[in-house]
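Report on the structure
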Amino acid sequence: MADMGAFRVAVTAWAAGGPGGPAHELATRVSVRTAVLLEGPSDSAAVDALAARHGRDLAAEGVCVLPMGGAMSVGRFASLLGPSGLGLRLTGLCDEREQGYYVRALERADAAPDGLFVCAADLEDELIRALGVTRVKELVEAEGDLRPLRTFLRQPAQQDRTVQQQLRRFFGTKKGRKIHYGRVLVEALDPARTPAPLAGLFAAL
């Protein structure tokens with residue numbers, strides 16, 4: 001839905017210090033009811049891919065999936081979008097190490113922290129564990145990235161890491177790779193093995 005994309009752009013500009021009028025106008029026009037606060041675009045790609053697998057059009061449901069450009073921005077977005085701002089219901093997905101930022105931001109915005117779903121390390125870690133390292137390597141090969149992966153694994157810094165840690169690091173070594181694999185890994189999931197944070201988020205939407 002194009003208007004939801006415009007709303008996302010307007011909110012991001014507002015959070016960066018721009019005017020709030022466009023976001024207010026679009027929120028009414030699009031009938032936005034919920035904002036999903038995500039750290040970055042790879043998380044957004046995974047959420048969008050899971051929505052497609054479930055046959056859900058989140059934009060049509062009034063749900064805005066919003067990558068914030070970093071967990072440190074959550075306070076600003078929560079204050080603009082939550083009960084003290086646009087009055088939207090706030091949900092979110094975050095890494096365990098960022099949980100404190102999210103909880104404090106939601107509390108300051110008078111939003112319920114039970115809408116927050118936490119990944120043990122990060123979403124990529126959750127997806128790798130759900131799929132298993134053998135399947136993830138098969139997907140890397142299918143995407144044409146096996147040779148870069150092998151080169152990466154020969155680096156001395158990778159020798160003391162587990163295979164799962166190596167794969168997580170590999171996804172972050174090239175611009176756009178985490179976003180790409182956020183979608184690829186979700187599309188390969190057995191629905192019964194959807195990581196608990198993602199499953200919880202979708203159950204709450």
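A short tour of the structure in this document, coming up.

The subject of this paragraph is the environment of Leu66. Secondary-structure assignment places Leu66 in strand β2 (residues 63-67). On the basis of relative accessible area, Leu66 is assigned to the buried category, the value being 0%. In this structure, the C-alpha to C-alpha distance between Leu66 and Val9, residues 57 residues apart in sequence, is 9.3 Å. Excluding anything up to four places from it in sequence, Leu66 contacts Arg8, Val11, Thr12, Val36, Leu37, Leu38, Phe77 and Leu81.

If you walk across this open sheet you meet the four strands as β2-β1-β3-β4, and the pairing is parallel. Of all strands in the sheet, those bounded by a partner on one side alone are β2 and β4 (116-119). Each adjacent strand pair in this sheet contributes to an overall mean axis angle of 15 degrees, direction not counted. Sheet analysis places strand β1 (residues 34-38) next to β2, joined by five bridges and oriented parallel. In the sheet register, Leu37 faces β2, and the bridge partner there is Leu66. Taken strand by strand, helix α4 (residues 74-81) contacts β1, β2 and β3 (89-95), and its axis lies near 175 degrees from that of β1.

What follows is about the pairing of β2. Within β2, four of the five residues are buried, which leaves the element mostly enclosed by the surrounding structure. Taking the sense of rotation as the criterion, the β-α-β connection linking β1, helix α3 (residues 41-53) and β2 turns out right-handed.

Another point: the packing of helix α6 (residues 123-131) against helix α9 (residues 163-171). At a minimum axis separation of 10 Å, α6 and α9 run at an interaxial angle of 130 degrees. Relative to α9, α6 is oriented oblique. Handedness of the α6/α9 crossing: right-handed. Where α6 approaches α9, its residues Glu124, Asp125, Ile128 and Arg129 are matched on the opposing element by Gln164, Leu167, Arg168 and Phe171. Along the lines of polarity and charge, the residues of the contact of α6 with α9 split into three nonpolar, one polar and four charged.

Attention now goes to the nonpolar core. Formed by 36 residues in total, the largest nonpolar core has its most connected members in Val47, Leu58, Leu93, Val136, Phe171, Leu185 and Leu198. Non-local contacts of Leu93, meaning those with residues more than four positions away in its chain, are made with Leu37, Leu38, Glu39, Tyr102, Leu116, Phe117, Cys119, Leu123, Pro197, Leu198 and Leu201. Core analysis: the next-biggest nonpolar cluster, separate from the first, contains 33 residues, Phe7, Val32, Met68 and Leu88 among them.

Under the counting rule described, the total for this entry stands at eleven salt bridges. Across the salt bridge formed by Arg56 and Glu61, the nearest N and O atoms sit 2.7 Å from each other. For Glu61, a relative accessible area of 27% gives the class partly exposed. Each of Asp3, Glu25 and Arg29 takes part in a single network of salt bridges with overlapping partners.

What counts and how
- Residues numbered from 1 in each chain as written.
- Predicted model: local features only at pLDDT ≥ 70, side-chain atom pairs only at ≥ 80, totals over all residues.
- Heavy atoms only, no water.
- Helix = DSSP H or I, 4+ residues; strand = E, 2+ residues; numbered from the N terminus.
- Buried < 20%, exposed > 50% of the residue type's maximum accessible area, 1.4 Å probe, protein only.
- Contact = heavy atoms within 4.5 Å.
- Pairing = 2+ DSSP bridges.
- Axes fitted to C-alpha atoms, helices over the stretch in contact; angles between N-to-C directions.
- Right-handed = clockwise from strand over helix to strand, strands pointing away.
- Parallel < 35°, antiparallel > 145°, perpendicular 65-115°, else oblique.
- Left-handed = near helix turned anticlockwise from the far one by under 90°.
- Nonpolar A, V, L, I, M, F, W, Y, C, P; charged D, E, K, R; others polar.
- Core = buried A, V, L, I, M, F, W, Y, C linked by side-chain atoms within 4.5 Å.
- Salt bridge = Lys/Arg side-chain N within 4 Å of Asp/Glu carboxyl O.

Distances and angles like these do not, on their own, reveal function.
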